[in-house]
Amino acid sequence: MFERQDEEDIVERVIRELRRPASIDRALDARVMSEIARPETGLVARRPFARVWPWLAAAAVLTAVVIARPWSRGTRPDAFQFVLVAPQAASVALVGDFNDWDPTRAPMHAARGGLWATVIPLPPGRYRYAFLVNGVEWRADPGAPAAGDDEFGTPSSVVTVAGRGS
Amino acid sequence: MILTALLLVIAQNPAQDPRYERLDPDTRARVVAIVDSARVVGLPSDPLIHRALEGAMKNAAGERIVAAVRRLAGDLGTARDALGSNATPAELEAGVAALRAGATPATLTRLRDLRKPPITMALAVLADLVASGVPADSAAAAVLVLAPTARDADLVEFRRAVERDIALGAPPDAATSVRLGATSMGLDATARNARPGKP
């Protein structure tokens, strides 16, 4: 244990020591400042997102592009329904540019009331088509614009599919 | 894999396209020659093949099929000259329909300049209006008025309205004029409503 006078002396010395101005080695000061100034190995580079954020940004851009799919904009097919009223028909086929005028590729299905119907996907474009009834009789679509140029002597119709977003 | 290889073979040798087998040998050779010539100058080949297949399916004579394909190739070239080398195959086909309906190449070029691509629907509506009985110059004038601001859906609705009026007995010219006025007013109102700070 210290005597009271000793205690006071010690406290006095500590206070003096604390009040003494701190002196930093100038060389050390210069080294610290140069480390801070270096971009690659400095304090800034040690932040965890400093190296990761470009990859995160690239991933975000890639995700956005995959979701938006700009390369397929305007080319994705829309489903179109074709209907013909032909109560006496035994078979009806939809033939046109979209199926290379091949009646086996789009047979129509008989519905109630003499209706024949089918649904096919169509990408944007303009297509000529006609109905082939009973394998011999050509009919245009009464609900669609007529193809103006029937060079083969039978009527055809046209359907125009717009691109998306237009 | 097999499909890819098959497509590559067809792309390198168009005469191997199995669709040609539906044409008789003489017609096939002549159609292939026309399609190859068109391809060399950058025209799409599918519309030409489709026209040949349509003829074959409808039992047309070979001579008639060849004439139709040759005429289409020429018209595709005219449409491409009018619409520019960036025109899509769909725009070229619609352009051919508009030309055959009576539109001039200058009208096609003007439409291209007025409207943001694709202009397929605008060209198709022009052709379809003429097929409904509207005089070609009236149809062209109407589509050119609507082209800068109308959406494709607006153009289709305009065409349907004109067709309805004609079916109900209206003179085609009058139907076009009246419906053009109504559609233009609708587009103006839409533009005003979309403008921020409107009164």
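Every value quoted in this text rests on a predicted model; they were computed, and no experiment measured them.

Caption draft 1: Structural context of the overall build of chain B. Along its length, chain B carries ten helices and zero strands. In sequence order, chain B lays out its α and β elements as α-α-α-α-α-α-α-α-α-α. Counting only contacts in chain B whose residues sit at least 6 apart along the sequence, the fraction spanning at least 24 positions is 63%.

Caption draft 2: Spatial organisation of the overall build of chain A. Scanning chain A from terminus to terminus reveals three helices and seven strands. In chain A, the proportion of contacts linking residues at least 24 apart, taken out of those at least 6 apart, comes to 59%.

Caption draft 3: Summary view of the interface of chain A and chain B. With 21 residues of chain A in contact, the opposing surface of chain B contributes 27 residues. Broken down by element, the side of chain A that touches chain B gets its largest block of residues, three residues, from strand β5 (residues 125-133) of chain A. The residue makeup of the side of chain A that touches chain B, split by class, is eight nonpolar, seven polar and six charged.

Caption draft 4: Up close: the pairing of β5(A). Residue and element names in this part refer to chain A. The element β5 is extensively covered by neighbouring structure, given that eight of its nine residues are classed as buried. Two elements, strand β2 (residues 92-96) and β5, share five bridges in a ladder whose sense is antiparallel. If you follow V95 over to β5, its bridge partner there is A130. For β5 and strand β7 (residues 157-161), the ladder comprises five bridges, and the chain directions are antiparallel. Each bridged residue has a counterpart across the sheet, and for G125 the counterpart in β7 is V161. Pairing of β5 with strand β6 (residues 137-139) involves three bridges; the strand directions are antiparallel.

Caption draft 5: Fine view of the nonpolar core. In terms of nonpolar packing, the biggest core is built from 79 residues, with A98(B), A122(B), L123(B), L126(B), A127(B) and V143(B) touching the most fellow members. Discounting chain neighbours no more than four positions away, the residues touching L123(B) are E91(B), A94(B), G95(B), A97(B), A98(B) and L111(B).

Caption draft 6: Just the confidence of the model for chain B, in detail. Overall, the predicted model of chain B reaches an average pLDDT of 90, with 87% of residues at or above 70. At the level of individual helices and strands, chain B shows its lowest average pLDDT in helix α1 (residues 2-12) of chain B, which scores 50, and its highest in helix α4 (residues 62-83) of chain B, which scores 98.

Caption draft 7: Local environment of the packing of helix α2 (residues 25-40) of chain B against helix α3 (residues 46-57) of chain B. All names here are of chain B. At a closest axis distance of 9 Å, the pairing of α2 and α3 adopts a crossing angle of 160°. What the angle tells us is that α2 and α3 run roughly antiparallel. With respect to the hand of their crossing, α2 and α3 are arranged in right-handed fashion. Two secondary-structure elements touch here, α2 through V31, I34, V35 and A38 and α3 through L48, I49 and A52. A per-class count over the contact of α2 with α3 returns seven nonpolar, no polar and no charged.

Caption draft 8: Expanded view of α4(B). Residue and element names in this part refer to chain B. An ideal rise of 1.5 Å per residue puts 32 Å on 22 residues; α4 measures up with 31 Å between its terminal C-alpha atoms. Looking at α4, one finds that the buried residues are I65, V66, A68, V69, L72, A73, L76, A79, R80, A82 and L83. Buried residues belonging to α4 abut α2, α3, α5 (89-101) and α6 (105-114). Directly beyond the C-terminal end of α4, a positive phi value near 95° is found at G84.

Caption draft 9: Seen up close, the environment of G186(B). Residue and element names in this part refer to chain B. With respect to the helices and strands, G186 occurs in helix α10 (residues 172-194). The partly exposed category is assigned to G186, around which 14 C-beta atoms lie within 10 Å. Considering only alpha carbons, one finds G186 and K116, 70 residues apart in sequence, at a separation of 20 Å.

Caption draft 10: Local environment of unusual backbone geometry. Cis geometry marks the peptide bond from P117(B) to P118(B), where omega comes out at 0°. When you line up the elements, P118(B) lands in the loop between α6 and α7 (120-131). A positive phi is found at W101(A), a non-glycine position, where the angle reads about 55°. Tracing the backbone shows W101(A) in the loop between β2 and β3 (109-110). With 25 C-beta atoms counted inside 10 Å, the residue W101(A) sits in the buried group. Phi at N59(B) is positive, roughly 60°, even though this residue is not glycine. The residue N59(B) is located in the loop between α3 and α4 in this model. On the neighbour-count criterion, N59(B) (10 C-beta atoms within 10 Å) is exposed.

Conventions used here
Residues numbered from 1 in each chain as written. Chains lettered and ligands numbered in written order. Predicted model: local features only at pLDDT ≥ 70, side-chain atom pairs only at ≥ 80, totals over all residues. Helix = DSSP H or I, 4+ residues; strand = E, 2+ residues; numbered from the N terminus. Contact = placed C-beta atoms within 7 Å. Nonpolar A, V, L, I, M, F, W, Y, C, P; charged D, E, K, R; others polar. Buried ≥ 20, exposed ≤ 12 C-beta atoms within 10 Å, placed from the backbone. Pairing = 2+ DSSP bridges. Core = buried A, V, L, I, M, F, W, Y, C linked by C-beta atoms within 7 Å. pLDDT = per-residue confidence, 0-100. Axes fitted to C-alpha atoms, helices over the stretch in contact; angles between N-to-C directions. Parallel < 35°, antiparallel > 145°, perpendicular 65-115°, else oblique. Left-handed = near helix turned anticlockwise from the far one by under 90°. Expected span 1.5 Å × (residues − 1).

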